[in-house]
Each structure stands twice: as structure tokens, then as C-alpha cells.
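Structural overview for review
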Amino acid sequence: VQLVESGGGLVQPGGSLRLSCAASGFSFSSYGMRWYRQAPGKERELVAGITNLGGITNYADSVKGRFTISRDNAKNTVYLQMNSLKPEDTAVYYCNTRRLWGQGTQVTVSS
């Protein structure tokens, strides 16, 4: 049972990245999924969530209109499309369902 994130990296302000989280070992389509992030010296915060069939999504105010969460249940994968990135988006991004967490992927937004 695991979640594995990928897709992080270094990007300039205004750029885009797409994060992926591959799930295995459980019935992926039965569970809502969430993306969190944690910046240095700050608490982990919820970025976006999506219901098990993808019908409902929600976002932190700080990312609304810039980030999009989606999922492909056939591929057991959840995505986070991040556009118009800002330096304050710099953080380690984690995917989560219930008590299961991935290892995180670093996103750095800097010129």
C-alpha cells in the first residue's frame, strides 16, 4: 500500500508543473484524494481535494484559479496541475488519502 509522487522540480515564477501521485495496494477509486504542501518552517497545509469519482473538488484560497486537481481511476493516479506559479508555492508537495502519505516531491519556484 503506497503513494508515490513525482513531477516536482525547479520552475520560474509564472511557470507550470504537473504533479502525479501513483497509488497502489488499495481500491483507489473508492477514496477521495488530497494534495498537501509544507514549506520550510511552516505547517503542512491542504492544497486541494477530490472525491473518489472526481465529481467534487476543493481548493485552498491561495491556489484557486491557478491549480487543478484531477484523477484517472483507470491509472490509479491523481494529478495536480499548477499554473502561474509563485515563489510562495515553494514547498514539498504530498498526496494523501486517509492516513496514507506519499514521500513528497519538492517544488521550487525561483528565478
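So, here's what we can say about the structure. Just so we're clear, the structure is a prediction, and the values are computed from it rather than from any experiment. (Residues numbered from 1 in each chain as written. Predicted model: local features only at pLDDT ≥ 70, side-chain atom pairs only at ≥ 80, totals over all residues. Heavy atoms only, no water.)

In terms of helices and strands, the protein carries zero helices and eleven strands. Radius of gyration (C-alpha) of the protein: 13 Å, near the 13 Å computed for a compact globule of 111 residues. Once the C-alpha set of the protein is aligned to its principal axes, its extents read approximately 40 × 25 × 25 Å. For the protein, the residues scored as buried account for 41% of the 111 residues in total. (Helix = DSSP H or I, 4+ residues; strand = E, 2+ residues; numbered from the N terminus. Rg over C-alpha atoms; globule rule 2.2 N^0.38 Å. Buried < 20%, exposed > 50% of the residue type's maximum accessible area, 1.4 Å probe, protein only.)

Glancing now at the sheet that holds strand E7 (residues 67-72). Strand order in this open sheet of four strands is E1-E3-E8-E7, and the pairing throughout is antiparallel. Looking at the sheet topology across the chains shown, the edges are occupied by strand E1 (2-6) and E7. With direction set aside, neighbouring strand axes in the sheet form an average angle of 15 degrees. Across six bridges, E7 lies against strand E8 (residues 77-82) in antiparallel orientation. Bridge assignment links Thr68 to a residue of E8, and that residue is Gln81. (Pairing = 2+ DSSP bridges. Axes fitted to C-alpha atoms, helices over the stretch in contact; angles between N-to-C directions.)

Turning next to the packing of aromatic side chains. In total, this model carries four aromatic pairs according to the counting rule given. Aromatic side chains Phe26 and Phe28 sit 6.4 Å apart centroid to centroid with 55 degrees between the ring planes, which places their arrangement in the tilted category. As far as the burial class goes, Phe26 and Phe28 line up, both buried. The interplanar angle of 85 degrees and the centroid separation of 6.4 Å between the aromatic rings of Tyr94 and Trp101 together place this pair among those described as edge-to-face. For Tyr94, a relative accessible area of 13% gives the class buried. Put simply, the rings of Phe26, Phe28 and Tyr31 touch in pairs and so form one group of aromatic residues. The ring of Trp101 carries Arg44 above its face, with NZ or CZ at 4.6 Å from the centroid. (Phe/Tyr/Trp six-rings, centres within 6.5 Å; stacked < 30°, edge-to-face > 60°. Lys NZ or Arg CZ within 6 Å of the ring centre and 35° of its normal.)

For Ser84, which is not glycine, the phi torsion reads 50 degrees and is therefore positive. Along the polypeptide, Ser84 turns up in the loop between E8 and strand E9 (91-97).

Quick look at the nonpolar core now. Nonpolar side chains in soluble globular proteins tend to be buried together. Ranked by size, the top nonpolar core spans 28 residues in total, and within it Trp35, Leu80, Met82 and Tyr93 carry the most contacts. Top element by residues in this core is strand E3 (residues 17-24). It accounts for four residues. (Core = buried A, V, L, I, M, F, W, Y, C linked by side-chain atoms within 4.5 Å.)

Tallied over the entire structure, the rule returns four salt bridges. When the shortest N-O distance is used, the salt bridge between Asp89 and Arg37 registers 2.9 Å. Separated by 52 residues along the polypeptide, Asp89 in the loop between E8 and E9 and Arg37 in strand E4 (residues 33-38) bring together distant segments of the chain. For the pair shown, Asp89 and Arg37 are each scored as buried. In this structure, a network of salt bridges that share partners links the residues Arg37, Glu45, Arg66 and Asp89. (Salt bridge = Lys/Arg side-chain N within 4 Å of Asp/Glu carboxyl O.)

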